[in-house]
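# Notes for the structure review
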Amino acid sequence: MSFGQYTTASQAELFKILDTKPGGLTEMEVARRHKKNGLNTIESEKVSWFIILARQFKSSFIYLLALAGATSFLLNQATEGIMIIIFVGINVALGFCQEYKSEKNLKILKNCAAQESKVIRNSKEKIVDTRQLAVGDIITFETGDLIGADARILEATSLTIDESALSGESNPVAKQAEVLKHEVAEIYQAKNITFAGTTVTTGSGCGVVIASGKQMQFGRISSLTVKTKRQSAFQNNINKISSFILKLIITTLIVVFIANLAIKGEQANIGELLIFAIALAVSVVPEALPVVTTFSFTRGAVKLAKKKVVVKRLSAIEDLGGIEVLCTDKTGTLTENKMRVAEIYGSDQSQTVWYATLANDSLKGGKQISANAFDLALENSLTATQTKNLARAKKIAKLPFDPDRRRNSALVKINNRRLLIVRGAPEAIIEHCRLTRTNRTAINRWVKQQGQLGRRILTVALNPRLVKDEYAAPAETQNLELIGAISFIDPIKPTAKKAVSQAEELGVDVKILTGDSREVATDVALQVGLITNQSQVITGEELEKMNPAQVKKTIMNYEVFARVSPEQKYRIIQLMQEQKQVGFLGEGINDAPALKIANVAIAVVGAADIAKEAADIILLQKNLNIIIEGISEGRKIFSNTIKYIKSTLASNFGNFFAVASASLLIDFLPMLPLQILLLNLLSDFPMIAVAADNVDPEELKQPGGYNIKDIALLALVLGMVSTIFDFLFFGLFYKISPTVLQTNWFIGSILTELVLIFSIRSKKKFYSATRPSKILFWLTFVTIIITVALPFTTFAQKIFKFTAPNIFHLLMIAVIVLVYFLINEKIKTYYFRLTNNRANQQTI
């Protein structure tokens, strides 16, 4: 049965359906039910160190590197093979250490769920481990208790429950034991049901467990969360690039090998050609990419850690930079999740708050013992003198809040004067007050205005004529004098409006998904600047009435979704992802499925455990600005990753085409296989520093994308420029001797690839771009020294078959590299101007 079916059942029917009795179950019955249905536990993803380690190998580039390493060993090039293994090892170690540390931090941060519950068994109350609860158990609860299982309420005294973690409702919900007239389907409508994971804010009660474990609302949401698998947008894009490169490599092997055989015929050395073709193919692999990205991710994670952010999945930082839509639950993220007095209606506002506080059900001896958000807000609004005088007020009698009466009252003695203070919903108080027509119209107008703003209202009145120390409910409606009314709000965080504005500047569309009412959601959205009127808010009920095509179209046109269930949040984000990259920020149990499916899942430190488990990023401070900064950091990582991919593919393609073509024109290899592999290794050495490079501010204004066609086109255009200059090296030196050509071409290829990164690192001209980072500059300088000096060493001459170049040849190479850089700058600038104009025309 769903929880809705229990709302209309009488106690007798409940005991019959659940096979239990008022005195509770026996221990034998509990054991039998546990054997049949299991303990009161839910599904949870267990993340061991082995799983975290295995996760590091799930990368297409790791597979490509493994192929490159195996090829190197087959070619008897152990040095290159070992270096590739080192690259893989560094990448895996960095990723493992960061993610393992994050998982450990998360375990420390987890809030303890309800560990113990009070239960009646064999007609005796006892405390048991919450996991031992079974359907049919009779549980009791009071202020401050965390509910351990879904239960139908049997008795309730001034009972209110904080369901914000489950339903998104920011205000405590009044509960009752009475049967509902109609079955309900939504959590916020179930006035006689308590749900696991919610907290008792006031009062006490008892109930019979109707669902435990996976059958609870909490368990059902958890199950949906665990079964949902997220695919990283970053990993998707890297897989596409890997597939593109892999196809190129296979084509290369076939074309180069067959072309050489066709042209050279019987003179061709098949074994040598095969090794040469494979070495060329391996040289195209951007083997430092995993290291570059992992360094970028780790650097970003360290930066965010300083701002009290735990990054569980490293690639989430880059994914964060790519999000186009940021969905957030309202409570605790945009709002403080702490009630505050908004406005006071009355001739004496201070007195209105004073009398409202005196009628607090939980006020005892002048001290606040309730967790009720409204009473705490009232207490915080008292003057210092009023706070001091609370201890002097003596509470003689009281009638607790009742959902039917919608009010509570207290008989208080102050300075030997008895006052019956009545407070509650406006409709339960105003009609019983003696008011002139003008005053009644004024208070009703004020109440309506506050209601339209999504505020909760507490009306306060006095019956000063009571002289006895006891009274009954009718006295609450007799001889009432209106004192005033108080409206409450869940305040907007001071940083929320600024964060929404900054998100807009970064091209990120912020949307609110909440279980709260339309009025409350509207008020929050208006305050943070997301909407201008209520018509821009849609409810889950309205979405349910639409067909799938209408829903798909509607979700992108609304900024605020109110009264949405966990399943609806999940579906909304799922549909958004068909059009955009989506991030979700939430903290409640009800947010967990949506967190799991989002491209980037963000939870706050006080979130439910299941929400934190589903998240990629945990905020140790509830500050939306940190996420906006994280988006900026993610875009820096994207920009630097793209720099590396474009630079290495352009230079590798250019060099590859030139060397492959040159092999068809001469009867010796233009570059030996080991020289090709060393070229690839040395040129990648400074590329690692790209992870720490500076980024032009313009690159951060819009989310980037791994457009394979754009990357391939730019690599082809700049690769052709590289090929032309490679042929220039070939034409100048091939007639001298094989070793001179191979040595000088080796030097020239590395130098052109190094200067290319300084050109392609910005769309601007190199002299107007943001300065390169110091580490990129110095690693490049060191690599240039090593490249030029290496051929002069005996080791390199013996192992790599180099010859010492003469000074004149080195000067020629330097001039060619300088000219290459300047021409490349011209072509790059023209290319980006052309593509930007085309993009602008498409936008228009």
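Our structure's up above, just so we're on the same page.
Since the structure is predicted, the reported quantities are computational estimates derived from the model, not experimental observations. (Residues numbered from 1 in each chain as written. Predicted model: local features only at pLDDT ≥ 70, side-chain atom pairs only at ≥ 80, totals over all residues. Heavy atoms only, no water.)

## Description of the pattern of salt bridges
Rule in force here: What makes a salt bridge here is a side-chain nitrogen of Lys or Arg within 4 Å of a carboxyl oxygen of Asp or Glu, nothing more. Runs of H or I in DSSP of at least four residues are treated as helices and runs of E of at least two as strands, each being numbered from the N terminus. Exposure is judged per residue with a 1.4 Å probe applied to protein chains only, and the accessible area is read against the type maximum: over 50% gives exposed, under 20% gives buried, and values in between give partly exposed.
Taken as a whole and assessed by the stated rule, the structure comprises 22 salt bridges. The shortest N-O distance in the salt bridge between R406 and E427 comes to 2.3 Å. With R406 in the loop between β13 (394–402) and β14 (407–414) and E427 in helix α16 (residues 426–429), this residue pair connects regions lying 21 residues apart in the sequence. Note on R406: relative accessible area 40%, which makes it partly exposed. Linking E698 and K764 is a salt bridge whose minimum nitrogen-to-oxygen distance equals 3.3 Å. Note that E698 is positioned in the loop between α26 (673–684) and α27 (708–733) and K764 in the loop between α28 (738–760) and α29 (774–789), a separation of 66 residues in sequence. You can call K764 partly exposed: its relative accessible area is 30%. Overlapping salt bridges, with partners in common, bring together E27, R121, K126 and D137 in one network.

## Considering the packing of aromatic side chains
Threshold: Side-chain rings of Phe, Tyr and Trp, where Trp is taken by its six-membered ring, are said to pair if the distance between their centres is within 6.5 Å; with planes under 30 degrees apart they count as stacked, over 60 as edge-to-face, and otherwise as tilted.
Evaluated as defined, the whole model comprises 15 aromatic pairs. Taking the centre distance of 5.7 Å and the plane angle of 45 degrees together, the rings of Y345 and W446 count as tilted. Of this pair, Y345 sits in strand β10 (residues 340–345) while W446 sits in helix α17 (residues 437–452), and the two are 101 residues apart along the sequence. Ring centres of F766 and F821 lie 5.1 Å apart, and the angle between their planes is 70 degrees; on these two criteria the pair is classed as edge-to-face. With a gap of 55 residues between them, F766 in the loop between α28 and α29 and F821 in helix α31 (residues 807–843) connect regions that are remote in the sequence. One aromatic cluster in this structure is built from F727, F730, Y734 and W745.

## Some thoughts on the side chain of Q450
To keep it simple, the criterion reads: Throughout, a residue-residue contact means that at least one pair of heavy atoms, one from each residue, lies within 4.5 Å.
Along the chain, Q450 falls in helix α17. Its relative accessible area of 0% is what places Q450 among the buried residues. In this structure, Q450 is in contact with E343, R455, I457 and S487, ignoring residues within four places of it in sequence.

## A word on the packing of helix α13 (residues 349–358) against helix α14 (residues 373–381)
Cut-off, in case you're wondering: Axis definition: a line fitted to C-alpha atoms, over the contacting stretch in the case of helices. Angles run 0 to 180 degrees between N-to-C directions. Any angle from 65 to 115 degrees is called roughly perpendicular, while one under 35 is roughly parallel, one over 145 is roughly antiparallel, and all others are oblique. Take the far helix as your reference; a near helix turned counterclockwise from it by less than a right angle gives a left-handed crossing, and one turned clockwise gives a right-handed crossing. Under the convention adopted here, Pro, Cys and the residues Ala, Val, Leu, Ile, Met, Phe, Trp and Tyr are nonpolar, Asp, Glu, Lys and Arg are charged, and Gly plus all remaining residues are polar.
The contact between α13 and α14 brings their axes to 9 Å, and the two run at 135 degrees. As judged from the angle between their axes, α13 and α14 are oblique. When the axes of α13 and α14 are compared, the crossing they make is left-handed. Counting all contacts with α13, which are made through V353, A356 and T357, the residues of α14 involved are L378, E379 and S381. Its residues placed into classes, the contact of α13 with α14 shows three nonpolar, two polar and one charged.

## Points about the sheet that holds β10
The criterion, for reference: DSSP calls a pair of strands paired once it identifies at least 2 bridges connecting them.
Pairing in this open sheet of six strands is antiparallel, and the strands run β10-β17-β16-β15-β14-β13 from one edge to the other. Each having just a single partner strand, β10 and β13 make up the two edges of the open sheet. Across the sheet, the mean angle from the axis of one strand to that of its neighbour is 20 degrees, orientation sign disregarded. In this sheet, β14 lies alongside β13 in antiparallel orientation, the contact comprising six bridges. Residue K395 lies in a different strand from β14, and its bridge partner there is V412. Along the sheet face, α13 touches β10, β13, β14, β15 (417–424), β16 (456–463) and β17 (481–489) and points at about 85 degrees away from the line of β17. Contacting β10, β16 and β17, α17 runs over the sheet at an angle of about 155 degrees to β10.

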